Amino acid sequence: MTDTGTADRNMGEKLNPPLFNYATLAISTEVERVCRAIQPAAWARAGAMLLKAPAVFTVGTGRSGLALQMAAMRFMHLGLSAHVVGATTAPAIGSGDVLVAASGSGSTSRVVRAAETARKQGANVVALTTAADSPLAKAATEVLVIPAADKQDFDGTASNQYAGSLFEQSVLLLTDALFHALWRSSGIQARDLWRLHANLE
């Protein structure tokens, strides 16, 4: 049986500065490649859809879901009525609303079900996925393909990183880029956005 403490110490000894520098460069290079490969026109259409929506919802599981929670916060700072699916205060989705849904594989059952329900209620669905022919993509109004590895790409062909890390990183950076573009085009000053930041912390 392997001693966990010994294994941890051995791992720490291997984490030398050159290896950390290599990891940093590898990740930033992969993220840059993904960002250069996305379709800006599709993201612009998604942004226009968000601005017209009475309410915006986000849904995802695991780290993808956490990234979209961060996106929901930024949408709220823009003055949008933003909600995270599953939160106790999230209302019902309705006609004209937008659901932003993320799943690397495009087949995460909870996310696909939410997208299908949203469409039945007359809402639009913006799908973030690596798979353009996935169930999530088929349920979507607008598909934003992120050319990254999904969680079970163990061959390292799309990414050298573990599991769906590249997809999850890209969800965060690309939704931040979408926020930044919407903000800059709005003419709203940073001090005005700040008025919507939480003040009960």
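The following paragraphs examine the structure supplied in this document. The shown structure was predicted, so the numbers you read here are calculated from the model rather than taken from an experiment. (Residues numbered from 1 in each chain as written. Predicted model: local features only at pLDDT ≥ 70, side-chain atom pairs only at ≥ 80, totals over all residues. Heavy atoms only, no water.)

This paragraph deals with the pattern of salt bridges. The final tally for this structure, using the stated rule, is four salt bridges. Salt-bridge contacts for Arg-36 lead to Glu-32; the nearest nitrogen and oxygen are separated by 3.0 Å. Residue Arg-36 and its partner Glu-32 are located together in helix H2 (residues 17-37), separated by four residues, close to a single helical turn. What makes Glu-32 partly exposed here is its relative accessible area of 41%. The closest approach of N and O atoms between Arg-195 and Asp-192, which form a salt bridge, is 2.4 Å. (Salt bridge = Lys/Arg side-chain N within 4 Å of Asp/Glu carboxyl O. Helix = DSSP H or I, 4+ residues; strand = E, 2+ residues; numbered from the N terminus. Buried < 20%, exposed > 50% of the residue type's maximum accessible area, 1.4 Å probe, protein only.)

The biggest cluster of nonpolar side chains holds 33 residues, and the ones touching the most others in it are Trp-43, Leu-50, Phe-75, Val-100, Val-126, Leu-128 and Ile-146. Contributions of two or more residues to this core are made by H2, helix H3 (40-52), helix H4 (62-77), strand E3 (98-102), strand E4 (124-129) and helix H7 (165-186). Of the residues forming this core, the biggest block, eight residues, is contributed by H7. Leaving out residues up to four positions away in the same chain, Leu-128 has contacts with Trp-43, Val-100, Ala-101, Ala-102, Ser-103, Leu-136, Leu-144, Ile-146, Phe-167, Val-171 and Thr-175. Residues Ala-55, Ile-93, Leu-99 and Val-112 belong to the second largest nonpolar core, which totals 16 residues. (Core = buried A, V, L, I, M, F, W, Y, C linked by side-chain atoms within 4.5 Å. Contact = heavy atoms within 4.5 Å.)

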